[in-house]
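Overview (structure and organization)
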Amino acid sequence: CGIFGIFNVEHAEKYAFYGIYALQHRGQESVGIAVSDYERLRVVKKPGLVLEALTAKDMEHLKGSIAIAHVRYSTSGDSTEINAQPLIRETSLGQVALVHNGNLVNYKTLRSSLQEKGFNFYHTSDSELFLALLDAGEYVPEHIKVHPEDAKIMPKVFYALHQVKGAYSLIYMFKDRLIVARDPYGFRPLLIGRSKNAILFASESCAFDILGAELWREVKPGEVIVVDKKGMRTYQLFRQEKKAMCIFEFVYFSKPEVFLFGDWAYRVRKAMGMALAKEDDVDADIVVPVPDSGVVPAIGYSQEKGIPLEFGIIRNHYIGRSFIEPTQELRNIKVLMKLNPNRAVLEGKRVIVIDDSLVRGTTSKKIVSMLRKAGAKEIHLRIASPPVIGPCYYGIDTPTKEELIASRLSIEDIRQFIGADSLRYLSLEGLKSCVKNPQDFCDACFSGVYPVEYEDKALRMR
Ligand code: 5GP
Ligand code: SF4
Ligand code: MG
């Protein structure tokens, strides 16, 4: 998912619209914006893409100086409209809205214990807990001194955040303030931007670019920040050493031009292609990226190897990301609609095809047969990340183990299934060598080493 927030600017709803539009790649199932005019909150949420879903009439309805926004793809809960965000709830602190990127690992346990205490739930997504928990207790850890301005709200927020386990980058919107938080591991990104008189928050820095704001800094893992008319106050709620920032954000999820986790995604992604080339001994005539996600690693690979890069596969720009379609059949059709071979460069060539990741194998299988039909003589598939062997419990949609081809088949069997002449993945060590502080990253879907235990195994809903 992608989240965005902006504090104190006229027509905050418009900024939220463009800000969340810049994060469209992080979720295409639904979009929502909530605003506050300092008196009450309003929210609009719709299934579909930002530009298509939100009409002028919707925007009319949303007028305010504070706004939060969300684009969703489901990792927990049904992908129905009811789970679209921002979620909004009447609490003892008044109306509160919430946007959340991540996934909790103790949702089931917490939800049923709250239900036993008489709490009602209106959604089936883990994110609702952040709102419900505001009325479940108060807590201030010893090392924290709460600013008088925050005396009413923060003990409740701290309590909520102390109950949940797992991945969250989130923004609460109260009628007069925003409160943002990032889990102690820092699984998902969250950045702070500023412009002349507004403070902004976003999952990726491209949302600031589009609004002419500048990137200020990242919200730190375990940090909670309040912004209201009096200014900005920050609390380091969690002080644990262990970090687990999602390395898959660099592999695939984020846009290439953004800054997150203390680095430029482009630099890291290109390094992955270079590392892959260093581990590889195949010879070929051209390097062909699978657009768009294979482009940056392919540049790195091509430069490292000295084999020319050619656009042997051309993408239709009116189609979104193929992986996000809910069924296999829809994903198949979408791949064919999305990618087309470029015979002018493929005919008679030995081709190294680069993609960022291989998850279910759908994309690669189609691509290999497409390239063969278009006249490629040899097809060597190279993947700029290791085999995905386990699901993600922290907010990326790699749902069940059975659907992950590398959890069932050996690399040679995958090669045969896909129909390539050879297949090679970047090694786990190779991947880790591309980020600055590998010990601060989660790589569980590649390594099988999970930094936070998944407590809700039985519940696992798509
Ligand atoms: P496959 O076809 O093997 O299932 O998926 C691999 C392709 O899907 C790659 O081109 C990769 O860029 C893309 N991909 C990998 N992970 C994700 C994900 O979590 N979400 C989306 N939307 N696409 C993904
Ligand atoms: Fe990211 Fe994979 Fe860890 Fe999930 S399991 S947070 S996708 S690295
Ligand atoms: Mg791709």
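Nothing here was measured: the structure is a model prediction, and the numbers come from that model. (Residues numbered from 1 in each chain as written. Chains lettered and ligands numbered in written order. Predicted model: local features only at pLDDT ≥ 70, side-chain atom pairs only at ≥ 80, totals over all residues.)

1. Remarks on the UniProt feature "binding site: [4Fe-4S] cluster" (unreviewed entry) in the chain
Put simply, the rule reads: UniProt positions are given in the numbering used here, feature names are shortened, and annotations may be inferred rather than shown by experiment. Here a strand is any run of E in DSSP of at least two residues, a helix any run of H or I of at least four, and the numbering for each starts at the N terminus. Throughout, a residue-residue contact means that the two C-beta atoms, derived from backbone geometry, are no farther apart than 7 Å. Residue burial is a threshold on neighbouring C-beta atoms within 10 Å of the residue's own C-beta, all placed from the backbone, with 20 or more meaning buried, 12 or fewer meaning exposed, and counts in between meaning partly exposed.
Per the UniProt record, "binding site: [4Fe-4S] cluster" (unreviewed entry) is annotated on Cys 246, Cys 392, Cys 442 and Cys 445. Of the residues just listed, which span 200 residues, no C-alpha pair is farther apart than 10.1 Å, and they cluster in one region. Relative to the helices and strands, Cys 392 resides in the loop between β21 (378–383) and α14 (405–408). Contact partners of Cys 392, with chain neighbours within four places excluded, come to Thr 398 and Cys 445. By the secondary structure assignment, Cys 442 is in strand β23 (residues 441–442). Taking the number of C-beta atoms within 10 Å as the measure of exposure, Cys 442 has 26 and is therefore buried. The residues touching Cys 442, leaving out its near neighbours within four places in the chain, are Phe 187, Ala 244, Met 245, Cys 246, Ile 247, Tyr 394 and Pro 451.

2. Points about the environment of Ser 433
With respect to the secondary-structure elements, Ser 433 resides in the loop between α16 (428–432) and β23. Expressed as a C-alpha distance, the spacing of Ser 433 and Asp 176, which sit 257 residues apart in the sequence, is 44 Å.

3. Notes on the site of ligand 2
How we decide: Here, nearness is defined through the C-beta atom: a residue counts as near a molecule or strand if that backbone-placed atom lies within 6 Å of it. Lys, Arg, Asp and Glu make up the charged group, whereas Ala, Val, Leu, Ile, Met, Phe, Trp, Tyr, Cys and Pro make up the nonpolar group; the residues left over, Gly among them, are polar.
Residues in close proximity to ligand 2 include Phe 187, Cys 246, Ile 247, Phe 248, Cys 392, Tyr 394, Ile 396, Cys 442, Asp 443, Ala 444 and Cys 445, which together make up its full environment. At the level of elements, α8 (247–253) and α17 (444–447) are the ones that each hand at least two residues to the shell around ligand 2. Among the residues forming the shell around ligand 2, the class breakdown is 10 nonpolar, no polar and 1 charged.

4. What to know about the pairing of strand β10 (residues 199–202)
Counted only if it meets this: Here, any two strands with at least 2 DSSP bridges between them count as paired.
Both faces of β10 are covered, namely the face carrying Ile 199 and Phe 201 and the face carrying Leu 200 and Ala 202. Relative to β10, strand β9 (residues 191–194) is paired through 4 bridges, and the arrangement is antiparallel. Bridging across to β10, Ile 192 finds its partner in Phe 201. The antiparallel hairpin formed by β9 and β10 contains 4 residues in its connecting segment.

5. Structural notes on the environment of Asp 456
Within the fold, Asp 456 resides in the segment after α17. Under the C-beta neighbour-count criterion, Asp 456 is labelled buried, with 21 such atoms within 10 Å. For the pair formed by Asp 456 and Ser 364, sequence separation is 92 residues and the distance between their alpha carbons is 32 Å. Contact partners of Asp 456, with chain neighbours within four places excluded, come to Val 105, Asn 106, Tyr 107, Lys 108 and Thr 109.

6. A look at the sheet that holds β21
Operational definition: Axes here mean lines fitted to C-alpha atoms, for a helix over just the part in contact, with angles spanning 0 to 180 degrees between N-to-C directions.
Spatial ordering of the open sheet is given by β17-β20-β21-β22, a layout of 4 strands whose pairing is parallel. Of all strands in the sheet, those bounded by a partner on one side alone are β17 (286–289) and β22 (422–425). If you compare each strand with its neighbour and ignore which way they point, the axes differ by 25° on average. Here strand β20 (residues 350–355) pairs with β21 via 6 bridges, running parallel. Considered in β21, the bridge of Val 351 is made with Ile 379. In the packing of helix α10 (residues 295–305) onto the sheet, contacts are made with β17, β20 and β21, and the angle to β17 comes to roughly 165°.

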